[in-house]
Amino acid sequence: MKKSVARLALMTVFLLPLSACVVIADGDSDHDRSDHTKIERHNRDGIAGLSTGMSRVDVTSKMGTPDFDDQLTDGHRVLFYRTQRKHGDGMTTRDECTPLIFSNDKLIGWGQLALDKL
């Protein structure tokens, strides 16, 4: 009997901290939201520092990996960077991104209006 009680107490000591870890990891959505906010601010600041004529390599060196990368059939390439939050699902969609438009690997414009004109 004493052995069973001791075993139960030992199991409780080891299992209790593990259950707390699950609660902590499960409540991590505020951390995710904060990360997205930092990424969005970084991307907006980076885009504000761009100028037309920059090479795609220079832009991606400054901005990092895009969220989406589309190669169009007419030789244009569009990189999408997350700059705003529209949906609270934690997923990045194109409507939450600013498009950067390249022709012959040179930046020719950015933003939805520039993409629509293309």
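The residue numbers shown here count from 1 along each chain, following its written sequence. Reporting in this predicted model follows two pLDDT cut-offs: at least 70 for local features of residues, and 80 or more for side-chain atom pairs to be given and counted; totals over whole chains, interfaces and linings ignore these cut-offs and use all residues. Only heavy atoms go into the side-chain values, all of them from the structure, while hydrogens and water stay out.

(A) Region of the structure containing the sheet that holds strand β2 (residues 76-82). Here a strand pair is declared whenever DSSP counts at least two bridges between the two strands. Helical segments are the DSSP runs of H or I of at least four residues, strand segments are the runs of E of at least two, and each set is numbered from the N terminus. A sheet is described by the order of its strands in space; here four strands give the open sequence β1-β2-β3-β4, paired in antiparallel fashion. Two strands bound the open sheet, and with one partner strand each, they are β1 (68-71) and β4 (106-110). Pairwise comparison of adjacent strand axes, ignoring direction, gives a mean angle of 25° for this sheet. For strand β3 (residues 97-103) and β4, the ladder comprises four bridges, and the chain directions are antiparallel. Bridge assignment links Leu100 to a residue of β4, and that residue is Trp110. The contact definition used throughout considers only heavy atoms, calling two residues in contact when any of these lie within 4.5 Å. Every axis corresponds to a line fitted to the C-alpha atoms, with the helix fit spanning only the stretch in contact, and the corresponding angles, defined between N-to-C directions, vary from 0 to 180 degrees. Across the face of the sheet, helix α3 (residues 56-63) comes into contact with β2, β3 and β4 while running at roughly 10° to β2.

(B) Structural view of the pattern of salt bridges. Salt bridge, as applied in this entry: a Lys or Arg side-chain nitrogen positioned within 4 Å of an Asp or Glu carboxyl oxygen. In this structure the tally under the stated criterion is five salt bridges. Between Asp105 and Arg56 there is a salt bridge, with its nearest N and O atoms 2.9 Å apart. Placement of Asp105 in the loop between β3 and β4 and of Arg56 in helix α3 is noted, with a sequence separation of 49 residues between them. A network of salt bridges, in which partner residues are shared, links Glu40, Arg82 and Glu96.

(C) Fine view of the packing of aromatic side chains. Here a pair means two rings of Phe, Tyr or Trp (six-membered ring of Trp) with centres within 6.5 Å. Their orientation is stacked below 30 degrees between planes, edge-to-face above 60, and tilted elsewhere. The final tally for this structure, using the stated rule, is one aromatic pair. Ring geometry for Phe68 versus Phe80: centroids 6.3 Å apart, planes at 85°, classification edge-to-face. Pair noted here: Phe68 is in strand β1 and Phe80 is in strand β2, with a separation of twelve residues, a long-range link. For the cation-ring pair, Arg94 lies above Phe68, with the distance from its terminal atom to the ring centre recorded as 4.3 Å. Note on criteria: charge over ring means Lys NZ or Arg CZ within 6 Å of the ring centre, with the direction from the centre no more than 35 degrees off the ring normal.

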